[in-house]
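Below, each chain spelled out in residue letters.
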Amino acid sequence: KKRLSKTEIVEKNFRDVVDDKNGLEKSVVSAYMGIELVPLENLHVSPDMFLPINKNKVNELVESMTDRLEVSQLVVSVVPSDLDKFVREKTNDKYWVVHGQHRLEAMKKLSILNNVKPIPGFPPESGIMCFILQV
């Protein structure tokens, strides 16, 4: 039996994970519901979140976003706060941010300070780009 190189082992392991019908890759892909622009006021950090918000990290992000805001900083992953009552494209749906909590808090702080510089082609009133997942 031929011994596999490190590259071949990594590729084999990657393929095993991607092809596993009960694996992480398939579960993440199946949880994806779509992309929506969501108003900032409809995005919240869950009170059940495992780790607390690091205020120093939020302040660093505020400073960074004030200097040069990039569209990639305006993307978060969310889950509907109430999946049973969730209706896509309904403007009053509320969401829990599951990835990007610090960016969310920084965006809220910048919004309060009215310190958000417009990005060409991305009107601020359109909302925050959210990857919507179901749990």
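For the structure itself, look to the data block above.
Predicted model, so just to flag it, every value in this text is computed and none were measured. (Residues numbered from 1 in each chain as written. Predicted model: local features only at pLDDT ≥ 70, side-chain atom pairs only at ≥ 80, totals over all residues. Heavy atoms only, no water.)

Novice: Provide a residue-level description of the environment of Val 75, including the pertinent values.
Specialist: Looking at the element boundaries, Val 75 is found in strand S3 (residues 75-80). Linking Val 75 and Gly 100, residues 25 residues apart in sequence, is a C-alpha distance of 7.6 Å. Not counting residues within four places of it along the chain, the set of residues in contact with Val 75 comprises Arg 103, Met 129 and Phe 131. (Helix = DSSP H or I, 4+ residues; strand = E, 2+ residues; numbered from the N terminus. Contact = heavy atoms within 4.5 Å.)

Novice: If you had to explain the sheet that holds strand S4 (residues 95-99) to someone new, which residues and values would you point to?
Specialist: The strand order across the open sheet formed by 5 strands is S1-S5-S3-S4-S2, and the pairing between neighbours is mixed. In this open sheet, the two edge strands, each paired with only one partner strand, are strand S1 (32-38) and strand S2 (43-44). Sheet analysis places S3 next to S4, joined by 4 bridges and oriented antiparallel. Its bridge partner being in S4, Pro 80 is matched across the sheet by Tyr 95. Strand contacts of helix H2 (residues 24-31): S1 and strand S5 (128-133), with the helix running at about 45° to S1, the strand carrying the most contacts. (Pairing = 2+ DSSP bridges. Axes fitted to C-alpha atoms, helices over the stretch in contact; angles between N-to-C directions.)

Novice: Describe the pattern of salt bridges, with residues and values.
Specialist: Summed over all chains, the structure comprises 3 salt bridges. Here Lys 2 ties to Glu 8 by a salt bridge, and the two come within 3.5 Å at their closest N and O atoms. In this structure Lys 2 comes out as exposed when scored by relative accessible area, which is 63%. Assessed through its relative accessible area of 31%, Glu 8 is described here as partly exposed. Between Glu 11 and Arg 15 there is a salt bridge, and its shortest N-O distance comes to 3.5 Å. Taken together, the residues span about one helical turn, with Glu 11 and Arg 15 both in helix H1 (residues 6-19) at a distance of 4 residues. Since its relative accessible area comes to 36%, Arg 15 is described here as partly exposed. (Salt bridge = Lys/Arg side-chain N within 4 Å of Asp/Glu carboxyl O. Buried < 20%, exposed > 50% of the residue type's maximum accessible area, 1.4 Å probe, protein only.)

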